[in-house]
Amino acid sequence: MLVAAAVCPCPPLLVPDVAAGAASELDAARAACVDAVGVLAAARPDRLVVVGPAEEGGTYGEGARGSFRGFGVDVDVVLGRGADPDGAAVLPASLAVAAWLLGRVGWADAPVEARAVARTLDPERCAATGREIAASDPRVALLVMGDASACRTLKAPGYLDERAEPFDAAAGRALGSADVAALKALDVRLAEELKVSGRAPWQVLAGAAEDADLSGALLYEDAPYGVGYLVATWS
């Protein structure tokens with residue numbers, strides 16, 4: 001059963017070495033993410049499952065490795081504290097950011113695994129994935145990675161789209177109030193047009209939380225660089 005969840009954005013810029021001279025601009029977002037992971041630890045889960053968007057789905061165990069070398073910095077990360085025996089598992093970017101965040105807080109409260117969720121996965125399959133995760137242990141915590149729209153300003157990656165701010169506000173309300181129905185109802189096509197990477201992971205969370213009766217709190221909501229970043233906790 002799901003006992004707690006944390007929702008965090010997943011831009012590589014969250015890693016200070018990647019952001020370089022602009023690192024301080026995301027200090028508030030980093031602090032909120034650390035606080036959110038603290039809620040997961042307080043729930044004393046049997047297992048932590050990290051969910052993040054990727055081009056293709058996949059499952060990763062402790063010891064899977066990620067890297068930010070593609071962003072010009074010599075920073076590597078490892079998921080959890082285990083060891084990948086053959087070193088073959090390579091985390092997609094969203095899960096590498098999660099691994100960095102867990103390393104930053106020194107996560108050692110429960111075993112960790114990660115699920116990459118295809119950005120195009122339909123809501124029904126997202127919910128089914130969430131239900132499967134929630135049923136996998138008596139006490140499961142979720143760390144859900146994903147950004148809101150990338151169309152909030154003229155300089156945003158997706159340029160300015162007037163639909164972006166209302167979409168992000170609705171997503172923020174749903175995440176901040178643990179509104180499972182509202183998350184399930186997010187418009188898939190609109191999310192794709194607004195370059196929302198968090199839609200599928202959020203709907204996995206909705207499936208996992210169907211019978212959990214959790215309360216939500218929105219810790220951070222902003223759009224630096226024209227991309228919506230949301231941090232929330234469910235407990």
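The sections below set out a description of the structure shown in this document. (Residues numbered from 1 in each chain as written. Predicted model: local features only at pLDDT ≥ 70, side-chain atom pairs only at ≥ 80, totals over all residues. Heavy atoms only, no water.)

Okay, the pattern of salt bridges next. Across all of its chains, the model carries 14 salt bridges by this definition. Notably, a salt bridge pairs Arg47 with Asp137, separated by 2.8 Å at the nearest N-O pair. With a gap of 90 residues between them, Arg47 in strand β2 (residues 47-54) and Asp137 in the loop between α4 (123-134) and β7 (140-145) connect regions that are remote in the sequence. In this structure, Arg115 engages Glu113 in a salt bridge whose closest nitrogen and oxygen atoms are separated by 3.6 Å. A single burial state applies to Arg115 and to Glu113, both of which are buried. (Salt bridge = Lys/Arg side-chain N within 4 Å of Asp/Glu carboxyl O. Helix = DSSP H or I, 4+ residues; strand = E, 2+ residues; numbered from the N terminus. Buried < 20%, exposed > 50% of the residue type's maximum accessible area, 1.4 Å probe, protein only.)

Let us now look at the state of the cysteines. Under the defined criterion, the tally for this structure stands at zero disulfides. Here Cys10 is not disulfide-linked; the sulfur of Cys8 is the nearest cysteine sulfur, at 9.8 Å. Among the cysteines around Cys33, which has no disulfide bond, Cys8 carries the closest sulfur, lying 3.6 Å off. For Cys33, a relative accessible area of 0% puts it in the buried group. (Disulfide = S-S within 2.5 Å.)

Right, let's get into a nonpolar patch on the surface. Taken together, the side chains of Leu154, Tyr159 and Leu160 present a nonpolar region at the surface, about 320 Å² in accessible area. For Tyr159, the location among the structural elements is in the loop between β7 and α5 (164-176). (Patch = residues over 30% accessible without salt bridge, like charges linked within 9 Å, V, L, I, M, F, W, Y side chains within 5 Å. Areas by Shrake-Rupley, 256 points an atom, 1.4 Å probe, with all protein chains shown as cover.)

Along the polypeptide, Asp161 turns up in the loop between β7 and α5. Engagement of the side chain of Asp161 in a polar contact is seen with the side chain of Arg163, the distance being 2.8 Å. The contact partners of Asp161, leaving out residues within four places of it in the chain, are Cys151 and Leu194. (Polar contact = N/O pair within 3.5 Å; in protein donor to acceptor, adjacent residues only side chain to side chain. Contact = heavy atoms within 4.5 Å.)

What follows covers the packing of aromatic side chains. Counting across every chain of the model gives one aromatic pair. Residues Phe68 and Phe71 carry aromatic rings whose centres are separated by 6.4 Å and whose planes lie at 45 degrees to one another, so their mutual orientation is tilted. The exposure class of Phe71 is partly exposed, given its relative accessible area of 46%. (Phe/Tyr/Trp six-rings, centres within 6.5 Å; stacked < 30°, edge-to-face > 60°.)

Turning our eyes to something else, we now look at the sheet that holds strand β9 (residues 229-234). The strand order across the open sheet formed by seven strands is β3-β6-β2-β7-β1-β9-β8, and the pairing between neighbours is mixed. Because the sheet does not close on itself, it has two edges, and the strands there are β3 (58-60) and β8 (216-222). Here the strands of the sheet are splayed against their neighbours by 15 degrees on average, with no regard to which way each runs. Note: β2 against strand β6 (residues 112-118), seven bridges, orientation parallel. Pairing of Ala54 across the sheet is with Ala118, part of β6. (Pairing = 2+ DSSP bridges. Axes fitted to C-alpha atoms, helices over the stretch in contact; angles between N-to-C directions.)

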